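Now for the letters of each chain:
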Amino acid sequence: MIEYIPQIPEMRISGMTRIRRERRLELPGEVSGAVGLRVGSQDVVARAYPPKIRRALSLTRVIGVREADVPKRLLKHVGDPVEAREIIIAKPINMGVQRLVYRAPEAGQIAAIQGSWMILDIYDAPQDCLALYRGSIVNVTPRLGAEIQAQGALIQGVWGSGKDSVGVLKWFDRSPDAILDARALEADTRGSILVAGGGVTAALLRRADELQAAGIVTGSLAPELRGLAGSIKVPVLVTEGFGQIPMSTTVFDLLSVLNGQEAGINARFEPRGRHATRPELFVPLAASRMQDSDNAAEAKRPRVESGAHVRGACPPYLGRIGTLPQDFVLQWLSTDAGTQLPAVEVDWLDTTGERELVPWTNLELIG
Amino acid sequence: MADSPTSILVADVGSAATKVGLVDLVSGEYRLVGATRTMSTVDAPNEDLMIGVRQGIMQLEALTGRRLLDAKNALIRPTRLDGDGSDAFVAVTSAALPLHAVVIGLSRDYSVACAGQAVNSTFAIVDHTIAVDEESGRWGTTASDGRAGGASAAVEKLATLKPDLVVMVGGIDGGAVAPLREMANIVAAVGAAMDEDSRPFVIFAGNHMARGDVVERIGGLMQVSVVDNVLPALDRANPGPLQAEIENLYRKRRIERLPGFDKLAAWAEKGVMTTADAFTRVTEYLARKYQLRVLGVDLGAGATTMVRADGNRTQRAVVEEESVGYGLDALLERTGIETIMRWLPTPLEAAEVHAGLLNQSVRPQAVPTRWQDTTALNAAGREILMHTADVWHDQLRSQEFGATNGHAQAGFADSDLVLLSGAPVARGSKPTSLLLMLLDALQVRGIFSVAADNAGLAAAMGAVAAVNSEAAAQALENDCLVTWGTVFVPDVVARAGEPLALVAHVEPARGGKLEADVKLGSLELIPLGEGEKANVELRAGRGVSWGPSARGNIFKREVQGGTVGVMIDARGRPLPMDENMDRQRERMQRWMWEAGA
């Protein structure tokens, strides 16, 4: 028996929790929210103006002007907006009868000039940062974003394709291991977050993109579909892992209850570092109940204790849900290779009464 | 050494796991009296590496029955009369993310290649390179519209990236300065267009005559440091100063910004070393003490380190992008699953293996226990080792630009001791499986010993040496390193009709005799237990030799046994791989069977 039981990774899968999430622009811009402001999922909390193209060119080479002469030939300066075809720099030629000019290829702004080099930002549509989590702004980071506090159901996944969106959950009445195919999609898919069971097909990913689905939540994803999932506009969230893994019963059952509700899907995935983030689906508490629950205590992180829910994080337990039994203890387990690993008995919930000794590091705490 | 601490608490904070151990005097010798392994807590939701360190210490307390933390979770220091506490605390870490770099230089084949190799083999990843000589109009012809004098696509890519670091190189010392001024203008323009907070750090490692111009043009916008030219002459590379500066930057911008680092540093009086530096020290120590050429390999969850030390010279490559944890994703991107499948026996399925490796990359703390999962990870490990060896060799070659001393060709093939550390050992793969992985991936030949870092704390002993070198050496040899045995890899020239590569006579010191016929293209595993010695006589067949240093066809040596024993690898190098995947996997199955993997 090992007396001290260390922490294991946590995954938040909860029908009701209170969270704080920072919504942040990739580039500095304008923040439209203020502390205390209630925001809906689709409200814009910040807006940036990233360039479509960042044009970099040597003015010396473009019109043959010496570096020292660049300042006096410039008609525009750093920070100046330019219209399409507007002249940025001009040099007299042929005894001053004619001039050689460089015109802005499109509307934009001069971002920098250093020596003979100019960086010209070509305008693009503004980039909006949606609130995504319906709740209240509790903190603002000037020029970058806002922190939102929200209450509702939260399902974290293990992998996300990037991107985020808001939509209505569409749960297909299938089993947790069913593969969702394009044939199941109808014209009303637009704006829906599709809940697949065990997996999706390539055709489903493409069709969901065509029909402008708001997101896809799937138990697992075939490894060869990862590139496709990352290339479409629809955010894809994987709850269990890669391969053919049924969606865990806890996630599946929770999603079935939430069917038809508005949700925010944040499929951004950064496994390491200061901005490490797990992909997640958030279903805000109905507005009518929001007021009452504002005073609710901050949601607690799941704890290692008897009855705590755990999920297998490694084959052959991957995706299986179980509980830690009464008076569970950490004990040594010998593997086939002869290694001793700390392990704990788990009561699997998918097969009645099955108790199994599982390496502690191969479990994650859920709740 | 009257003032040296005798009980030393040691922590290795990795990207996925935190290892903690206690070194203390036991019957007059320093021993590792306990070691634990818990998950690292650097990233969200914990965002404090000290949580993992304290958990490791608490688990150690439970294992040893010795209190190491007080009621306020602070270290009990020094050791009390009742035995609780420790005298010193040392720490190493590999939990920080690498720096992302762009290399910009005058010549693709010289300065950019040389600097790229230098950057890639330390704590950074090169995301983009720009070389002037590729653009006939100098900076102009990679324009998207193809017109000379148009915008530069290469520079535009730099402007869209958000590197942590820009490495500027080019020109031999005393050469032309004008092209470097223009390069400085580009970097300055790109930096000026960025938000002030996200501007990269710039290291100039080019022609020393251009330093003033570069600093003048860039210094007002971005932080610049100047180091010795990475290529001072066309036949002489000098990557050391650039790498040292990158390591300095990595420490300041990555390690010291790890959440909880300040508390860890406050505990560790001698500072916190990088795991790679500490591992390098250990490799150098073994090379010096035993007069050996030592090859150290650390397959971490977040990075891979390869160090070769021979007492006079140390050469290291740290590959941050590919690893047996988080870096499996990058490995699969580079090689594809089929390349990894060639190292697997039948009947494993590609899709299942691919999924398993991706799952390990998103949950690197998990410890696979099924044979098929560890075998797939070891297959991936082979590719990572081969890539790291390439980076190591590239760096060696770049340092010896134009040199004709032949050292670059030799590389680490003549190593006497191979030391394996990292996640595969910690995960508990069979030693024979891991030894086969090493033999397949590294082109080490001749006769060498293999040892493994079973406690996962060998690197940390490099940091222990800073407070008590005797304790580090004894704990390392007594408890951290486990000898796997001795390996014979002869040079084999395959000839039709000569199936027998060599005959091995083994006489263990405990008595008895063993004879084995080793066929061409096969492996032979001869059991010889830990601490056992045996006289081995190898009679080489035709076309089999032990390299230029050993003449004659009979070779005799006393060898040491270990967890694995004595392995004879008569497959020849390079390994005979079959292009037909089915046959290759059958071959792999046979090799694994012969090696007991």
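Residues numbered from 1 in each chain as written. Chains lettered and ligands numbered in written order. Predicted model: local features only at pLDDT ≥ 70, side-chain atom pairs only at ≥ 80, totals over all residues. Heavy atoms only, no water.

(A) Fine view of the overall build of chain A. Summing up its helical and strand segments, chain A has six helices and 29 strands in all. Its C-alpha atoms give chain A a radius of gyration of 27 Å, clearly above 21 Å, the size a compact globule of 367 residues would have. Along the first, second and third principal axes, the C-alpha atoms of chain A reach 95 × 55 × 45 Å. Taking all 367 residues of chain A together, the buried fraction comes to 52%. Nonlocal contacts in chain A, meaning residues at least 24 apart in sequence, comprise 60% of its contacts between residues at least 6 apart. Accessible surface, chain A: about 16,200 Å² in total, of which carbon and sulfur atoms supply 48%. Each charge class in chain A was averaged separately, 42 positive and 42 negative side chains, and the resulting centres sit 11 Å apart. (Helix = DSSP H or I, 4+ residues; strand = E, 2+ residues; numbered from the N terminus. Rg over C-alpha atoms; globule rule 2.2 N^0.38 Å. Buried < 20%, exposed > 50% of the residue type's maximum accessible area, 1.4 Å probe, protein only. Contact = heavy atoms within 4.5 Å. Areas by Shrake-Rupley, 256 points an atom, 1.4 Å probe, with all protein chains shown as cover. Lys, Arg positive; Asp, Glu negative; His and termini not counted. Charge placed at Lys NZ, Arg CZ, Asp CG, Glu CD.)

(B) Inspection of the interface of chain B and chain A at higher detail. Taken residue by residue, the interface counts 65 residues in chain B and 62 residues in chain A. Both faces considered, chain B and chain A share a buried interface measuring about 5,100 Å² in area, 56% of it formed by carbon and sulfur atoms. Put simply, chain B and chain A have seven salt bridges between them. The partner of Arg217 of chain B in a salt bridge is Glu67 of chain A, with the nearest N and O atoms 2.8 Å apart. Our count for the contact surface shared by chain B and chain A stands at 20 residue pairs in polar contact (both at pLDDT 80 or more). At the level of elements, strand 3 (29-39), helix 1 (49-64), helix 3 (153-160), helix 4 (178-193), helix 9 (328-335) and helix 11 (350-362) of chain B are the ones that each hand at least two residues to the side of chain B that touches chain A. At eight residues, helix 4 of chain B tops the list of elements feeding residues into the side of chain B that touches chain A. (Buried area = accessible area lost by both parts, 1.4 Å probe. Salt bridge = Lys/Arg side-chain N within 4 Å of Asp/Glu carboxyl O. Polar contact = N/O pair within 3.5 Å; in protein donor to acceptor, adjacent residues only side chain to side chain.)

(C) The arrangement of the domain arrangement of chain B in detail. Residues and elements named next belong to chain B. You can read the domains of chain B as domain 1 (8-96 + 257-273), domain 2 (99-253) and domain 3 (275-320 + 403-595). Centre-to-centre, using C-alpha coordinates, domain 1 lies 40 Å away from domain 2. Each partner contributes residues to the interface: domain 1 has five residues there, and domain 2 has four residues. Roughly 360 Å² is buried in total at the junction of domain 1 and domain 2, and carbon and sulfur atoms are behind 32% of that figure. Contact with domain 2 buries area across many residues of domain 1, yet Ala96, Arg257 and Val272 alone supply 84% of it, more than any other trio. On inspection of domain 1 and its partner domain 2, the count reaches zero salt bridges. Summed over the shared surface of domain 1 and domain 2, the result is two residue pairs in polar contact (both at pLDDT 80 or more). Class assignment of the residues belonging to the side of domain 1 that touches domain 2 gives a composition of four nonpolar, no polar and one charged. (Domains from an automatic or database assignment. Nonpolar A, V, L, I, M, F, W, Y, C, P; charged D, E, K, R; others polar.)

(D) Seen up close, the domain arrangement of chain A. Domain assignment breaks chain A into domain 1 (10-21 + 147-293), domain 2 (53-122) and domain 3 (309-366). Taking the mean C-alpha position of each, domain 2 of chain A and domain 3 of chain A sit 66 Å from one another.

(E) Spatial organisation of the side chain of Thr280 of chain B. Residue and element names in this part refer to chain B. Tracing the chain through its elements places Thr280 in helix 8 (residues 275-290). Separated by 3.1 Å, the side chains of Thr280 and Arg316 make a polar contact. Not counting chain neighbours up to four residues away, the residues in contact with Thr280 comprise Val307, Thr314 and Arg316.

(F) Fine view of the packing of aromatic side chains. Tallied over the entire structure, the rule returns seven aromatic pairs over all chains. Ring geometry for Tyr317 of chain A and Trp348 of chain A: centres 5.9 Å apart, planes at 20°, overall stacked. Of this pair, Tyr317 of chain A sits in the loop between strand 24 (309-312) and strand 25 (321-323) while Trp348 of chain A sits in strand 27 (residues 340-348), and the two are 31 residues apart along the sequence. A ring pair is formed by Phe89 of chain B and Trp267 of chain B, whose centres lie 5.3 Å apart and whose planes are at 80°; its orientation type is edge-to-face. A residue pair is termed long-range when its members are at least 10 positions apart, and Phe89 of chain B in strand 4 (residues 88-93) and Trp267 of chain B in helix 7 (residues 261-267) qualify at 178 residues. In this structure Trp267 of chain B comes out as buried when scored by relative accessible area, which is 10%. Against the face of Trp591 of chain B rests Arg571 of chain B, its NZ or CZ located 4.5 Å from the ring centre. (Phe/Tyr/Trp six-rings, centres within 6.5 Å; stacked < 30°, edge-to-face > 60°. Lys NZ or Arg CZ within 6 Å of the ring centre and 35° of its normal.)

(G) Layout of a nonpolar patch on the surface. Residue and element names in this part refer to chain B. A cluster of nonpolar side chains, Tyr110, Ile172 and Leu234, forms an exposed patch at the surface whose accessible area comes to about 270 Å². For Ile172, the location among the structural elements is in the loop between strand 7 (165-168) and helix 4. According to the relative accessible area criterion, Ile172 is partly exposed, its value standing at 36%. (Patch = residues over 30% accessible without salt bridge, like charges linked within 9 Å, V, L, I, M, F, W, Y side chains within 5 Å.)

(H) Structural context of the sheet that holds strand 3 of chain B. All names here are of chain B. Read across the sheet, five strands follow the order 3-2-1-4-10 without closing on themselves; strand pairing throughout is mixed. Where the open sheet ends on each side, the last strands, each with one partner, are strand 3 and strand 10 (272-274). The average angle at which neighbouring strand axes cross in this sheet is 20°, direction not considered. Of the pairings in the sheet, the one linking strand 4 to strand 10 comprises three bridges and is parallel in character. When the sheet's bridge partners are listed, Thr93 is paired in strand 10 with Thr274. Helix 1 rests against strand 1 (8-13), strand 2 (17-26), strand 3 and strand 4 of the sheet, and its axis sits at about 125° to strand 3. (Pairing = 2+ DSSP bridges. Axes fitted to C-alpha atoms, helices over the stretch in contact; angles between N-to-C directions.)

(I) Representation of unusual backbone geometry in the model. Along the chain, Pro315 of chain A connects to Pro316 of chain A via a cis peptide bond; the corresponding omega equals 5°. Tracing the chain through its elements places Pro316 of chain A in the loop between strand 24 and strand 25. The linkage connecting Arg573 of chain B with the following residue, Pro574 of chain B, adopts the cis geometry, with an omega of -5°. With respect to the helices, strands and loops of the structure, Pro574 of chain B is situated in the loop between strand 24 (565-569) and helix 18 (581-595). The backbone of Met95 of chain A sits at a positive phi, close to 60°, despite the residue not being glycine. You can see Met95 of chain A is positioned in the loop between strand 8 (87-93) and strand 9 (98-103). According to the relative accessible area criterion, Met95 of chain A is exposed, its value standing at 86%. With a phi angle near 65°, Leu132 of chain A is a residue other than glycine that sits in the positive phi range. Within the element layout of this structure, Leu132 of chain A appears in the loop between strand 12 (127-130) and strand 13 (135-141).

(J) How the structure looks around helix 5 (residues 249-258) of chain A. Of the positions making up helix 5 of chain A, those classed as buried are Val251, Phe252, Leu254, Leu255 and Leu258 of chain A. Considered in projection along helix 5 of chain A, the buried side chains sweep an arc of 165° and stay on one side of the axis. (Arc of directions from axis to C-beta.)

(K) Representation of the nonpolar core. Ranked by internal contacts, the top residues of the largest apolar core, which has 108 residues, are Leu255 and Leu281 of chain A together with Leu357 and Leu442 of chain B. Looking at this core, the element that brings in the most residues is helix 12 (residues 371-399) of chain B, giving 10 residues. Beyond its immediate sequence surroundings of up to four residues, Leu357 of chain B is in contact with Leu328, Leu332, Ile337, Ile340, Ala376, Leu377 and Ala380 of chain B. (Core = buried A, V, L, I, M, F, W, Y, C linked by side-chain atoms within 4.5 Å.)

(L) Geometry of the packing of helix 15 (residues 431-441) of chain B against helix 18 of chain B. Residues and elements named next belong to chain B. Close contact between helix 15 and helix 18 brings their axes to 9 Å; oriented N to C, the two are set at 125°. In this view, helix 15 runs oblique relative to helix 18, as classed from their interaxial angle. The two elements helix 15 and helix 18 cross, and the hand of that crossing is right-handed. Every residue of helix 18 that contacts helix 15 at Thr432, Leu436 and Asp440 is listed here: Met588, Trp591, Met592 and Ala595. Classifying every residue of the contact of helix 15 with helix 18 by side-chain character gives five nonpolar, one polar and one charged. (Parallel < 35°, antiparallel > 145°, perpendicular 65-115°, else oblique. Left-handed = near helix turned anticlockwise from the far one by under 90°.)

(M) Structural detail: the pairing of strand 11 (residues 117-122) of chain A. Residue and element names in this part refer to chain A. Taking burial as the measure, the six residues of strand 11 include six buried ones, the bulk of the element. The pairing of strand 6 (residues 53-58) with strand 11 spans six bridges and is antiparallel. Note that in strand 11 the partner of Ile53 across the bridge is Ile122. What sits between strand 10 (residues 108-114) and strand 11 in their antiparallel hairpin is a turn of two residues, with Gly115 showing a positive phi close to 60°.

(N) Quick peek at the environment of Ser334 of chain A. All names here are of chain A. Considering the arrangement of structural elements, one finds Ser334 in strand 26 (residues 331-334). Leave out the neighbours within four places in its chain, and Ser334 touches Thr339 and Gln340. A polar contact of 2.6 Å, which involves the side chain of Ser334, links it to the side chain of Gln340.

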